[in-house]
Amino acid sequence: MLFFSFFKSLVGKDVVVELKNDLSICGTLHSVDQYLNMKLSDITVSDPDRFPHMLSVKNCFIRGSVVRYVQLPSDQVDTQLLSDSCRRELTEAKTKQ
């Protein structure tokens, strides 16, 4: 649930999503769901010579299970908030045991 909340805070920001088939898509994060499926708008492909069929695509839906990496803008990541959330989630998990 931590990653879902984190990605929800990045809606409207530019991200680069690298897929397991080595396709890298740059675009604006439009939405994300609990399965980390993502919808990107205003997309561009980092290697158009290798994926020419993607040049005409402007919006796309990416299934969460095919994502390898998501590159985020470093100035948009609140590392202190992310660290606190991780600690809080770990503490809650330990108290349930």
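Throughout, residues of each chain are indexed from 1 in the direction in which the sequence is written. Under the rules for a predicted model, residues below a pLDDT of 70 receive no local features and side-chain atom pairs below 80 are neither given nor counted, while totals for whole chains, interfaces and linings still include all residues. Side-chain calculation: all heavy atoms of the structure are included, whereas hydrogens and water are not.

Draft legend 1. Structural context of the state of the cysteines. Two cysteine sulfur atoms form a disulfide, by the criterion used here, when they sit within 2.5 Å. Under the criterion given, the structure shown has zero disulfides. You can see C60 has no disulfide; the closest cysteine sulfur is in C26, sitting 11 Å from it. Accessible area is worked out with a 1.4 Å probe on protein chains only. A residue is then buried under 20% of its type maximum, exposed over 50%, and partly exposed in between. Classification of C60 by relative accessible area gives buried; the value is 13%.

Draft legend 2. View of the nonpolar core. Within the largest apolar cluster, 20 residues are counted, with the highest numbers of intra-cluster contacts made by V17, L19, L23, I25, L40, M54 and I62. Looking at this core, the elements with two or more residues in it are α1 (2-8), β1 (14-19), β2 (24-32), β3 (38-45) and β4 (59-62). Numbering of helices and strands runs from the N terminus, with a helix taken as a DSSP run of H or I at least four residues long and a strand as a DSSP run of E at least two residues long. Sorting elements by how many residues they give to this core places β3 first, with four residues. Here a residue-residue contact requires only that any non-hydrogen atoms of the pair lie within 4.5 Å. Ignoring any residue separated from it by four or fewer positions in sequence, one finds I25 in contact with V15, V16, V17, L19, L40, I43, T44, M54, C60 and I62. Buried Ala, Val, Leu, Ile, Met, Phe, Trp, Tyr and Cys residues that are joined via side-chain atoms within 4.5 Å together make up what is termed a nonpolar core.

Draft legend 3. How the structure looks around the UniProt feature "domain: Sm" (unreviewed entry) in the chain. UniProt positions are given in the numbering used here, feature names are shortened, and annotations may be inferred rather than shown by experiment. Residues given the UniProt feature "domain: Sm" (unreviewed entry) here are residues 2-76. Helix makes up 9% of residues 2-76 and strand 43%, with an end-to-end C-alpha separation of 16 Å.

Draft legend 4. View of the pattern of salt bridges. In what follows, salt bridge is the name for a side-chain nitrogen of Lys or Arg lying within 4 Å of a carboxyl oxygen of Asp or Glu. Here the structure, examined in full by the defined rule, presents three salt bridges. Close ionic contact of R68 with D22 constitutes a salt bridge, the shortest N to O distance being 2.7 Å. Here the residue R68 occupies a position in strand β5 (residues 67-71), and D22 occupies one in the loop between β1 and β2, the gap between them amounting to 46 residues. Since its relative accessible area comes to 39%, D22 is described here as partly exposed. Three or more residues joined by partner-sharing salt bridges are found here, namely E18, D22 and R68.

Draft legend 5. Representation of the side chain of N37. With respect to the helices, strands and loops of the structure, N37 is situated in the loop between β2 and β3. On the basis of relative accessible area, N37 is assigned to the buried category, the value being 14%. From its side chain, N37 meets the backbone nitrogen of G64 in a polar contact 2.7 Å long. With residues up to four places along the chain from it excluded, the contact list for N37 reads S31, V32, F61, I62, R63 and G64. For the purposes of these results, a polar contact is taken to be a pair of N or O atoms within 3.5 Å, where, inside protein, one atom must be able to donate a hydrogen and its partner to accept one; residues adjacent in sequence count only when each atom of the pair is a side-chain atom.

Draft legend 6. Fine view of the packing of aromatic side chains. Two aromatic rings, drawn from Phe, Tyr or Trp (for Trp, its six-membered ring), form a pair once their centres lie within 6.5 Å of each other, and the interplanar angle then sorts them: stacked below 30 degrees, edge-to-face above 60, tilted otherwise. Enumeration over the complete set of coordinates arrives at one aromatic pair. Their ring planes at 65° and their centres at 5.9 Å tell us that F6 and F7 sit as a pair that is edge-to-face. When its relative accessible area of 14% is taken as the criterion, F6 is described as buried.

Draft legend 7. Just the layout of surface pockets, in detail. Definitions used for this entry: grid spacing 1 Å over protein atoms alone; cavity, a set of points where a 1.4 Å probe fits but cannot get out; pocket, an open set with protein on both sides within 12 Å along at least 5 of 7 lines; lining residue, one with an atom within 4 Å of a point. Grid points are joined across faces, edges and corners, and a volume is the space filled by probe spheres set on the points. Quantified by volume, the largest pocket comes out at close to 160 Å³. Around the largest pocket, the lining residues are L2, S5, F6, S9, Q76, V77, D78, L81, L82 and S85. Three categories are distinguished: nonpolar for Ala, Val, Leu, Ile, Met, Phe, Trp, Tyr, Cys and Pro, charged for Asp, Glu, Lys and Arg, and polar for the others, with Gly belonging to the last. Grouping the constituent residues of the lining of the largest pocket by class yields five nonpolar, four polar and one charged.

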